Amino acid sequence: MTDVVVVGSGPNGLAAAVTMARAGLEVTVLEAQDTVGGGARTLDLGLADGVVHDVCSAVHPMAVASPFLQQLDLAARGVRLAQPQVAYAQPLDGGRAGLAWQDLDRTVDGLGRDGRAWRQLMEPLVERQEGLVGFAMGDMRSVPPDLGTAVRMALRVLEQGTYGWGLRFRDDVAPALLTGVAMHSIARLPSMASAGAALLLGALAHGTGWPIPVGGSSAIVAALVEDLEQHGGQVVTGSRVGRWEDLPPARAHLFDTTPRTLLEVLGERLPVRRVRALNRFRYGNAAAKVDFVLSGPVPWAAEGVDRAGTIHVGGSRRQMAAAENAVHRGRHAEHPAVLVSDPAVLDPGREVGGLRPFWTYAHVPAGSHRDVTEDVTAQVERFAPGFRDLVVASRCVPAAQMDHHDENYVAGDIASGAVDLRQVFARPTATLDPYRVGVPGVYLCSSSTSPGPGVHGICGWNAARSALRREFGITAMPSLAPSA
């Protein structure tokens, strides 16, 4: 019998495995796919020789802000994070755009008469970023370590999460800029959850930034795997766990999976009350992925957009709200919300033989089979005339097929669970310890637990620390600092 088995090798599963291995335990990670990393993998999709693509996450504001990854010290492990001066951009019709510079003052200057309102909204959160991160990346059950910052955040969420969200701004650029960030939640607009995402990510943009890992997201995964192996752990790929009998005996089992998979594997071992609670867990709407290979940089009409690490393509606040709310009602938007990144802008090594990857998502209803290649192309062309002429190759993964490369993406839900107000505070269930599942020695450590989606490792770290205390009697948590 081994000490620990972790099911799933996404960032949370690996964070849990690293933590347990550093505590001196024998750890095995089982991964169903042939490659490690879950949604943080970078692969050659066969679209162009040598050109690699991030299969899910590409830009990592949560990774650089994460207390777990900060302690792990990615830089000391050779992970280079390319930091754009323009964290994100919001192109608008008429050749205009909103630019969120990492420099808050420069952003304010570019927003004209709404600059002061943007500063009043963001500056108190930027100045207290450590407290903001402590609140947003907590277990949502404990008293926030910085209660004052939590209150400031809550008041702003109330403003931007209701139909009073338009009272602060007078022009159209600043509200569009903020709404583009809110789109990351794939939720109704306005809503409390989408406002929380917008304010957290917006504040990080002016603080630790929205970096892109040089070489792709798999650089973060490789650092985690290397540390795990240095401390005696191992990852076994091509090893899918579909039932309890597939699991090697261990003193603790940690699942980097959704509650749906947990229910399938544990079956009648789960208490009836917990089964009912997990069956109430809601999955959200979806993303359809389109990977492009381009023969040159995107010809954005608005100045400065070509310097951004992330571009939110959807137009005005009104247009983006209409698109997201159509998806919320189960319909495809005529002009969908699209998130894009051109990684070669910051990482020139991603360009091979004059060809470069272009990363895009379109938001669609859960389970959609639609090929959104033309929808995405038309939206980008709208703000970058001539984009079509650059496309050398493309590949769409409809929402209904997103779980083919990561089973946690149920019906295309890349957040592994709906991002709504209830599930912010009761993720996956309304229990004091969100990682325990009611079966001795079994824990859930995925993005379906608090604090939710993002490449930050906090869900896995928290679950591992809970398991160390309860299953192994280890109360002094292991250091994550790089080994000599």
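Attention here is on the structure that accompanies the text. From a predicted model like this one, the values you see are computed outputs, not experimental measurements.

## Let's talk about the overall build of the chain
Then comes step 1: Summing up its helical and strand segments, the chain has 16 helices and 16 strands in all.
Then comes step 2: For 484 residues, the compact-globule formula gives about 23 Å, and the C-alpha radius of gyration of the chain, at 21 Å, lands near that figure.
Then comes step 3: In terms of overall dimensions, the chain has C-alpha extents of about 65 × 50 × 45 Å along its principal axes.
Then comes step 4: Each of the 484 residues in the chain was classed as buried or not, and the buried ones make up 61%.
Then comes step 5: A separation threshold of at least 6 residues defines the contact pool for the chain, and within that pool the share at least 24 residues apart is 76%.
Then comes step 6: Within the structure as shown, the chain displays about 18100 Å² of accessible surface, and the carbon and sulfur contribution to it stands at 50%.
Then comes step 7: One way to put it: in the chain the 44 positive side-chain charges average out to a point 8 Å from where the 49 negative ones average out.

## So, the packing of aromatic side chains
Then comes step 1: Evaluation of the coordinates by the stated rule reveals eight aromatic pairs.
Then comes step 2: Consider the rings of Phe358 and Phe387, whose centres lie 5.4 Å apart with planes at 50 degrees: the pair is tilted. Of this pair, Phe358 sits in strand S14 (residues 356-364) while Phe387 is found in the loop between helix H14 (373-383) and strand S15 (391-397), placing the two residues 29 residues apart along the sequence. In this structure, Phe358 and Phe387 share a single accessibility class: buried.
Then comes step 3: Ring pairs connect the aromatic residues Phe292, Phe358 and Phe387, which therefore count as one cluster.

## Points about the packing of helix H11 (residues 259-266) against helix H12 (residues 272-279)
Packed helices, taken two at a time, are described by the angle between their axes plus the distance between the axes.
Then comes step 1: Axis separation between H11 and H12 bottoms out at 9 Å; the angle between their running directions is 150 degrees. Taken together, H11 and H12 sit at an angle that is classed as roughly antiparallel. Pair H11 / H12 crosses with left-handed handedness. Only Val275, Leu278 and Asn279 of H12 make contact with H11, whose side of the interface consists of Pro259, Leu262 and Leu263.
Then comes step 2: Of the residues in the contact of H11 with H12, the class split is five nonpolar, one polar and no charged.

## So, H11
Then comes step 1: When you tally the buried positions in H11, you get six out of eight residues, the bulk of the element.
Then comes step 2: Considered for burial, the residues of H11 that qualify are Pro259, Thr261, Leu262, Leu263, Val265 and Leu266.
Then comes step 3: Where H11 terminates, the next one or two residues include Gly267, which has phi positive at roughly 55 degrees.

## Digging into a positive patch on the surface
Then comes step 1: Side chains of Arg273, Arg276, Arg280 and Arg422 sit close together on the surface and give a patch of like positive charge.
Then comes step 2: Counting through the fold element by element, Arg280 comes out in the loop between H12 and strand S11 (286-294).
Then comes step 3: Given a relative accessible area of 53%, Arg280 falls into the exposed group.

## Some details on the environment of Trp165
Then comes step 1: Topologically, Trp165 is positioned in the loop between helix H7 (147-160) and helix H8 (173-182).
Then comes step 2: Residue class for Trp165 comes out buried when judged on its relative accessible area of 11%.
Then comes step 3: Once the C-alpha coordinates of Trp165 and Arg395 are considered, the two residues, 230 residues apart in sequence, prove to be 37 Å apart.
Then comes step 4: Each residue touching Trp165, except ones within four places of it in the same chain, is listed here: Glu159, Gln160, Thr179, Leu189, Pro190, Arg317 and Ala321.

## Considerations on the environment of Lys289
Then comes step 1: With respect to the helices and strands, the residue Lys289 is situated in strand S11.
Then comes step 2: The class of Lys289 is buried, set by a relative accessible area of 1%.
Then comes step 3: A C-alpha to C-alpha distance of 7.5 Å links Lys289 and Ala399, two positions 110 residues apart in sequence.
Then comes step 4: When near neighbours in sequence (up to four residues on either side) are disregarded, Lys289 contacts Asp54, Val55, Cys56, Trp359, Thr360, Tyr361, Arg395, Cys396, Val397 and Met402.
Then comes step 5: Polar contacts involving the side chain of Lys289 include one to the side chain of Asp291, which spans 2.4 Å.

## Focus: the side chain of Arg350
Then comes step 1: If you trace the backbone, Arg350 turns up in the loop between strand S13 (338-341) and S14.
Then comes step 2: Contact partners of Arg350, with chain neighbours within four places excluded, come to Thr42, Val52, His53, Asp54, Gly215, Gly216, Pro343, Ala344, Leu355, Arg356 and Pro357.

## A look at the nonpolar core
Then comes step 1: Counting residues in each nonpolar core, the largest one holds 98 residues, and the members touching the most others are Met20, Val27, Phe68, Tyr88, Trp118, Trp210 and Leu254.
Then comes step 2: Sorting elements by how many residues they give to this core places helix H9 (residues 192-205) first, with eight residues.
Then comes step 3: Apart from the residues lying within four places of it in its own chain, the contact partners of Tyr88 are Gly98, Leu99, Ala100, Trp118, Leu177, Val181, Gly202, Ala205, Trp210, Ala308, Thr310 and His312.
Then comes step 4: Counting residues in each nonpolar core, the second largest holds 30 residues, with Val290, Val305, Val313 and Ala362 among its members.

## Here's the deal with the state of the cysteines
Then comes step 1: Applying the stated criterion across every chain yields a total of zero disulfides.
Then comes step 2: No disulfide involves Cys445; its sulfur sits 8.2 Å from the nearest other cysteine sulfur, which is in Cys459.
Then comes step 3: Using a relative accessible area of 0% as the deciding quantity, one classes Cys445 as buried.
Then comes step 4: Among the residues examined, Cys459 registers a relative accessible area of 0% and is labelled buried.

## Some words on the sheet that holds strand S1 (residues 2-7)
Then comes step 1: Taken together, five strands build an open sheet; the order of strands is S9-S2-S1-S10-S16 and the sheet is parallel. In this open sheet, the two edge strands, each paired with only one partner strand, are strand S9 (234-236) and strand S16 (442-444). The mean inter-strand angle of the sheet, taken between neighbouring strand axes irrespective of direction, is 20 degrees.
Then comes step 2: Taken together, the four bridges between S1 and strand S2 (residues 27-30) define a ladder with parallel strand orientation. Looking at the pairing, Val5 lines up with Thr28 of S2.

## Structural notes on the sheet that holds strand S6 (residues 86-92)
Then comes step 1: Taken in spatial order, the seven strands make up an open sheet running S7-S6-S12-S13-S14-S11-S15, and their pairing is mixed. Each end of this open sheet is capped by a strand with a single partner; those strands are strand S7 (96-101) and S15. Strand-to-strand twist across the sheet, computed as the mean angle between neighbouring axes with direction ignored, equals 20 degrees.
Then comes step 2: In this sheet, S7 lies alongside S6 in antiparallel orientation, the contact comprising six bridges. Looking at S7, one finds that Gln90 is bridged to Gly98.
Then comes step 3: Seen against the sheet, H8 touches S6, S7 and strand S12 (308-313) and runs at an angle of roughly 120 degrees to S6.

What counts, and where the lines are drawn
- Residues numbered from 1 in each chain as written.
- Predicted model: local features only at pLDDT ≥ 70, side-chain atom pairs only at ≥ 80, totals over all residues.
- Heavy atoms only, no water.
- Helix = DSSP H or I, 4+ residues; strand = E, 2+ residues; numbered from the N terminus.
- Rg over C-alpha atoms; globule rule 2.2 N^0.38 Å.
- Buried < 20%, exposed > 50% of the residue type's maximum accessible area, 1.4 Å probe, protein only.
- Contact = heavy atoms within 4.5 Å.
- Areas by Shrake-Rupley, 256 points an atom, 1.4 Å probe, with all protein chains shown as cover.
- Lys, Arg positive; Asp, Glu negative; His and termini not counted.
- Charge placed at Lys NZ, Arg CZ, Asp CG, Glu CD.
- Phe/Tyr/Trp six-rings, centres within 6.5 Å; stacked < 30°, edge-to-face > 60°.
- Axes fitted to C-alpha atoms, helices over the stretch in contact; angles between N-to-C directions.
- Parallel < 35°, antiparallel > 145°, perpendicular 65-115°, else oblique.
- Left-handed = near helix turned anticlockwise from the far one by under 90°.
- Nonpolar A, V, L, I, M, F, W, Y, C, P; charged D, E, K, R; others polar.
- Patch = residues over 30% accessible without salt bridge, like charges linked within 9 Å, V, L, I, M, F, W, Y side chains within 5 Å.
- Salt bridge = Lys/Arg side-chain N within 4 Å of Asp/Glu carboxyl O.
- Polar contact = N/O pair within 3.5 Å; in protein donor to acceptor, adjacent residues only side chain to side chain.
- Core = buried A, V, L, I, M, F, W, Y, C linked by side-chain atoms within 4.5 Å.
- Disulfide = S-S within 2.5 Å.
- Pairing = 2+ DSSP bridges.

Shape descriptors only; they carry no functional weight alone.
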